[in-house]
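# An overview of the molecular structure
Spelled out from the first residue to the last, the chains are:
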Amino acid sequence: MTKQTNKVIILLGIIFLGMILRTPITSVGAIIGPLKKLLEINNTVAGLITTIPLIAFAIFSPLVAKISNKIGLENTIFLATIVASIGLLLRFYINTSVFFVTTFIIGVGITVGNVLLPGLTKKYFPENLGVMTGFYAVVMNISASIAAGISYPILNTNIGGEKFSTGLAVNIWLIVSILNIVIYAIITKNNKSERIIEDKKTGVAGYLKSLKMWSVMLSMGLQSALFYCSVSWFAEIMISKGFTPSEAGLLLSISQFAQFPSTFLVPVLAEKIKNKLIIPIFIAIGYVASLIGMIYIQGNFALMTIYIVLFALAGGGSFSYVMYLFSAKSKNEEEASDISGLAQAGGYWLAAIFPPLLGYVRDVLNWDVAIYILIVTASLLFITLIHSSSKGNIIEIK
């Protein structure tokens, strides 16, 4: 399969792959309260459910580009869809230890998609980088919001009993994962493996000598921390603010849906505007204003919705902008995959700290203190994004 043929099947591959990169995690956050009771765990341990895939991302992200360079980008994604499907299938067995192990397995599969999507986009759609980055980021957000919205209703159906309905609520995306296996089997069957000729391969040390690489890595980690903390704890925070579990689930779903405009538009605008500093400013204002508002709202659904939407717009923009930077600050799909892998490895190690940290803060203090931690996080993100947005690639051609 060449870059000029069968782009329709590649586009389908991007769509369906994007659909499983967040859903196995956001589906858990929406029912974290009932899940805690079923697994008999506290808030700190519950936070680890979200942290586990982040640890998988951190461990395996640096390896993905190496594997991809050896067996091919499309073949690597194909194997990852099989791994994710196995994890989702096994997670139907609701048991504390099994749930944690299978969530890690799912995280390994998701890691590959996270790392290689920017490279896949740069390889097949280099002329439409901003649009395609926004497109697959929107796909990720749409599916994540659907997962957050349907988990609680599925759980409430009590199909096959409490444990099976819980398993169905968090693993129904196995269907999409299996579709990915079929699509990437077709792609790999028609794809002639392309060996990458490396002139002067930049190693990890070479990337880490770039201050901009560190800024991009920190940006990835801080925006991921804000996202995964919202997925893990916003439902519980909303309940503490006087909302019912159903209302809290709806607000969490809104927080995913509301990301669409900024998720798509930010990378498109980033490719067109000369002064990109306006993007970090927009993101920082959205985060800080919304989080301050959440502290003071109690039981007012309309006002909380406004702040949730504001947070979501900042979140969607920050995610797609960082993903855009992986490609925009590289010279080809190989370097984009390398930068993506390294940035996500370091970034997810940082992000992994936050969900259990916020759970611990809630156990010993209260949710308002946890929100203040998120405000500080957003402020630091503003600084790293400003530097990441400066002119020049991460590795400059000499």
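Structure report, in brief. Since the model is a prediction, treat every value here as computed from it, not as a measurement.

Another aspect to go through is helix α5 (residues 73–90). Between the first and last C-alpha of α5 there are 26 Å, a value that for 18 residues agrees with the 26 Å anticipated at 1.5 Å per step. Among the residues making up α5, those that are buried are Leu-73, Glu-74, Thr-76, Ile-77, Ala-80, Thr-81, Ala-84, Ser-85, Gly-87 and Leu-88. Tucked inside the fold, the buried residues of α5 contact α1 (7–18), α2 (23–29), α4 (43–71), α6 (96–124), α8 (162–171) and α9 (174–190).

The subject of this paragraph is the environment of Phe-60. The residue Phe-60 is located in helix α4 in this model. Between the alpha carbons of Phe-60 and Glu-127 there is a distance of 29 Å; along the sequence they are 67 residues apart. With sequence-adjacent residues up to four places away left out, Phe-60 is seen in contact with Phe-104, Val-108 and Thr-111.

Moving on, we come to helix α13 (residues 260–272). Taking 1.5 Å of rise per residue, the 13 residues of α13 would be expected to cover 18 Å, and the 19 Å separating its terminal C-alpha atoms lies within 8% of that figure. Val-266 marks the point of greatest bend in α13, at about 25°, and the proline Pro-267 comes within the next four residues. Buried residues of α13: Phe-260, Ser-262, Thr-263, Val-266, Pro-267, Val-268 and Ala-270, and no others.

It is worth spelling out the side chain of Arg-22 at this point. With respect to the element layout, Arg-22 can be found in the loop between α1 and α2. Judged by its relative accessible area of 3%, Arg-22 is buried. Beyond its immediate stretch of four places on either side in the chain, Arg-22 contacts Met-140, Asn-141, Ala-144, Phe-227, Gln-259 and Phe-319.

This part covers a nonpolar patch on the surface. Nonpolar side chains collect at one region of the surface, where Leu-63, Ile-67, Ile-71 and Leu-79 lie side by side and expose about 310 Å² of accessible area between them. For the nonpolar patch, the element with the most residues is α4, which contributes 3 residues. Mapping Leu-63 onto the fold places it in helix α4. Judged by its relative accessible area of 39%, Leu-63 is partly exposed.

Within soluble globular proteins, side chains that are nonpolar tend to cluster in buried spots. Ranked by size, the top nonpolar core spans 114 residues in total, and within it Ile-49, Met-238 and Met-294 carry the most contacts. Considering each element in turn, this core owes the most residues, 16 residues, to helix α11 (residues 211–240). Excluding residues that lie within four positions of it along the chain, Ile-49 makes contacts with Val-28, Ile-32, Leu-35, Leu-39, Ile-41, Phe-99, Phe-100 and Thr-103.

With that settled, the discussion passes to the packing of aromatic side chains. Scanning the model with the defined rule gives 10 aromatic pairs in all. Ring centres of Trp-233 and Trp-367 lie 5.3 Å apart, and the angle between their planes is 45°; on these two criteria the pair is classed as tilted. A residue pair is termed long-range when its members are at least 10 positions apart, and Trp-233 in helix α11 and Trp-367 in helix α18 (residues 367–388) qualify at 134 residues. Pair check on accessibility: Trp-233 and Trp-367 agree, each one buried.

One way to put it is that α11 packs onto helix α12 (residues 245–257) with a least axis distance of 8 Å and a crossing angle of 150°. With respect to α12, the axis of α11 lies roughly antiparallel. Remark: the crossing between α11 and α12 carries right-handed chirality. Contacts from Phe-227, Ser-230, Val-231, Phe-234, Ala-235, Met-238 and Ile-239 in α11 reach Pro-245, Ala-248, Leu-251, Leu-252 and Gln-256 in α12. The residue makeup of the contact of α11 with α12, split by class, is 10 nonpolar, 2 polar and no charged.

With that settled, the discussion passes to the environment of Ile-49. Examined against the element boundaries, Ile-49 turns out to sit in helix α4. Take Ile-49: its relative accessible area is 4%, and that puts it in the buried class. A C-alpha to C-alpha distance of 28 Å links Ile-49 and Tyr-296, two positions 247 residues apart in sequence.

Thresholds, definitions, all that
- Residues numbered from 1 in each chain as written.
- Predicted model: local features only at pLDDT ≥ 70, side-chain atom pairs only at ≥ 80, totals over all residues.
- Heavy atoms only, no water.
- Helix = DSSP H or I, 4+ residues; strand = E, 2+ residues; numbered from the N terminus.
- Expected span 1.5 Å × (residues − 1).
- Buried < 20%, exposed > 50% of the residue type's maximum accessible area, 1.4 Å probe, protein only.
- Contact = heavy atoms within 4.5 Å.
- Bend = angle between axes of the 7 residues up to and from the residue.
- Patch = residues over 30% accessible without salt bridge, like charges linked within 9 Å, V, L, I, M, F, W, Y side chains within 5 Å.
- Areas by Shrake-Rupley, 256 points an atom, 1.4 Å probe, with all protein chains shown as cover.
- Salt bridge = Lys/Arg side-chain N within 4 Å of Asp/Glu carboxyl O.
- Core = buried A, V, L, I, M, F, W, Y, C linked by side-chain atoms within 4.5 Å.
- Phe/Tyr/Trp six-rings, centres within 6.5 Å; stacked < 30°, edge-to-face > 60°.
- Axes fitted to C-alpha atoms, helices over the stretch in contact; angles between N-to-C directions.
- Parallel < 35°, antiparallel > 145°, perpendicular 65-115°, else oblique.
- Left-handed = near helix turned anticlockwise from the far one by under 90°.
- Nonpolar A, V, L, I, M, F, W, Y, C, P; charged D, E, K, R; others polar.

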